[in-house]
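# Structural overview for review
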Amino acid sequence: MLAAILWGVSGPVFLLDYLGAVAVAVVIALAVRELTGRRTRGETPDRVELAYLTDRALLACQVGVAALRRAGGVDVGELATLHAQGPPPPGSPALVRALHTALRRPQTWAAVLADPAVGRALRRTVGRLARDGWLLTRAQRRRIAMGTVPLFAVAAVGLTRLVDSAVEGRSAGGPASVAGLLLCCLATALGAWWLTEVPETGAAARRLLRRLRREHADLDPERRPVWQGRDTDTLLTGMALFGPRPLLAVDPAFAVQVGVDPERDRPRPDRKPARR
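Keep in mind that what you see is a predicted model, and the values were worked out from it rather than measured.

A few words on the overall build of the protein chain. A count of helical and extended segments in the protein chain gives 13 helices and three strands. Here the protein chain holds 276 residues, and the buried ones make up 41% of them.

What follows is the structure, given as structure tokens:
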């Protein structure tokens with residue numbers, strides 16, 4: 001049967017069939033990726049959890065310490081240390097409380113991130129997000145990776161035709177067909193390899209983030225929003241959805257203390273209009 005597939009058609013026809021098979025395999029891989037993690041349970045993630053879904057642990061901690069800072073609960077001390085003042089805001093998430101506990105004595109930001117209590121709070125946050133379906137489990141990630149098997153299989157069939165033609169002296173078509181098939185096989189293998197990089201967030205989480213970013217598009221740093229006079233909830237929402245740039249705009253010295261890179265995280269300069 002494999003011989004019939006490999007040699008039962010001419011080079012151009014085989015190339016067209018190959019492209020059709022690639023299209024089907026891509027649809028399968030993308031469908032598995034989009035259908036895995038669609039269902040969730042429990043409450044919608046809070047801002048700290050949204051920050052974790054956006055950019056993992058560092059952004060979640062930055063949002064948490066920004067909440068403490070805006071409530072007047074964190075001061076910057078000597079030697080780049082941070083120190084908590086007063087109680088945390090009422091109803092604070094577990095990670096914010098853990099950050100506040102770690103900052104009861106002056107510490108650097110690196111020491112805060114390495115604090116065992118902060119690590120435990122992060123693990124509990126991750127566990128809750130995974131339990132409720134916002135983060136993918138190991139089995140779900142394996143399922144998405146397995147969805148790329150048809151792509152690898154199609155690439156293997158194409159390479160088998162090329163190798164068999166070279167070894168057995170058979171004709172795989174004209175030079176254009178052979179070159180086209182070789183390029184398609186390489187592109188298919190590279191695409192399959194790229195798709196094996198499985199996201200940590202599920203389809204529901206990605207859909208939620210897209211919806212919230214549309215709803216709060218005015219907070220996108222690329223639109224250069226004015227942050228002066230904005231309330232704390234708006235600031236934390238902007239950070240959770242778009243990264244730490246809002247904190248850099250509102251409190252640049254403190255933002256640098258908590259790991260925000262002024263060069264990497266500053267807004268891009270406006271593009272100059274093209275000359276006519």
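After that view of the structure, there is still more to cover.
Between two aromatic rings, the relevant description is the distance of the centres plus the angle of the planes. In the structure shown here, the tally under the stated rule is zero aromatic pairs. Above the ring of F14, the side-chain terminus of R161 is found at 4.3 Å from the ring centroid.

With phi around 60°, A80 is a residue other than glycine that occupies positive phi space. By the secondary structure assignment, A80 is in the loop between β1 (74-76) and β2 (81-84). Overall, the relative accessible area of 36% leaves A80 in the partly exposed class. Its identity as a non-glycine residue notwithstanding, R224 has a phi of 50°, on the positive side. Note that R224 resides in the loop between α10 (203-215) and α11 (232-242).

With 25 residues, helix α2 (residues 11-35) extends 36 Å from end C-alpha to end C-alpha; this agrees with the ideal 36 Å at 1.5 Å per step. Residues of α2 that are buried: G11, F14, L15, Y18, V22, A25, A29 and R33. A positive phi of about 85° marks G37, the residue just after α2.

The subject of this paragraph is the pattern of salt bridges. According to the stated counting rule, one finds 10 salt bridges in the structure shown. Between E200 and R56 there is a salt bridge, with its nearest N and O atoms 2.7 Å apart. Of this pair, E200 sits in the loop between α9 (175-195) and α10 while R56 is found in helix α3 (residues 47-70), placing the two residues 144 residues apart along the sequence. Under the relative-accessibility criterion, E200 is labelled partly exposed at 26%. R56 sits in the partly exposed class, given a relative accessible area of 25%. Residue R128 pairs with D132 through a salt bridge whose shortest N-O separation is 2.3 Å. Here R128 and D132 have matching classes, each one buried. What emerges from the salt-bridge pattern is a single network uniting E49, R128, R131 and D132.

Turning next to the environment of A130. Residue position: A130 is located in helix α6 (residues 116-131). A C-alpha to C-alpha distance of 9.6 Å links A130 and E200, two positions 70 residues apart in sequence.

Another aspect to go through is the state of the cysteines. Simply put, disulfide is the name for a covalent bond between the sulfur atoms of two cysteines. Taken as a whole and judged by the stated rule, the model has zero disulfides. The structure places no disulfide on C184, whose sulfur is separated from the nearest cysteine sulfur, that of C185, by 7.1 Å. Judged by relative accessible area, which is 1%, C185 ranks as buried.

We now examine the packing of α3 against α11. The contact between α3 and α11 brings their axes to 8 Å, and the two run at 150°. When the interaxial angle is binned, α3 and α11 end up roughly antiparallel. Relative to α11, α3 is oriented so that their crossing is right-handed. On the side of α3, the interface is formed by R47, L50, A51, T54, L59, Q62, V63, A66, A67 and R70, while α11 contributes T232, D233, L235, L236, T237, M239, A240 and L241. Taken together, the residues of the contact of α3 with α11 break down into 11 nonpolar, four polar and three charged.

To continue, consider the sheet that holds strand β3 (residues 107-108). In spatial order, the strands read β1-β2-β3; together these three strands make up an open sheet with antiparallel pairing. If you trace the sheet from one side to the other, it starts and ends with β1 and β3, each paired once. Bridge analysis of β2 against β3 gives two bridges, and the strand direction is antiparallel. In the sheet register, L82 faces β3, and the bridge partner there is Q107.

Side chains that are three or four residues apart share a direction in an α-helix, a result of its 3.6 residues per turn. Between the first and last C-alpha of α3 there are merely 15 Å, a value that for 24 residues lags more than 12% behind the 34 Å anticipated at 1.5 Å per step. Helix geometry: α3 is bent most strongly at D55, by close to 140°. The first or second residue beyond α3 is G72, which carries a positive phi of 75°.

Analysis parameters
- Residues numbered from 1 in each chain as written.
- Predicted model: local features only at pLDDT ≥ 70, side-chain atom pairs only at ≥ 80, totals over all residues.
- Heavy atoms only, no water.
- Helix = DSSP H or I, 4+ residues; strand = E, 2+ residues; numbered from the N terminus.
- Buried < 20%, exposed > 50% of the residue type's maximum accessible area, 1.4 Å probe, protein only.
- Phe/Tyr/Trp six-rings, centres within 6.5 Å; stacked < 30°, edge-to-face > 60°.
- Lys NZ or Arg CZ within 6 Å of the ring centre and 35° of its normal.
- Expected span 1.5 Å × (residues − 1).
- Salt bridge = Lys/Arg side-chain N within 4 Å of Asp/Glu carboxyl O.
- Disulfide = S-S within 2.5 Å.
- Axes fitted to C-alpha atoms, helices over the stretch in contact; angles between N-to-C directions.
- Parallel < 35°, antiparallel > 145°, perpendicular 65-115°, else oblique.
- Left-handed = near helix turned anticlockwise from the far one by under 90°.
- Contact = heavy atoms within 4.5 Å.
- Nonpolar A, V, L, I, M, F, W, Y, C, P; charged D, E, K, R; others polar.
- Pairing = 2+ DSSP bridges.
- Bend = angle between axes of the 7 residues up to and from the residue.

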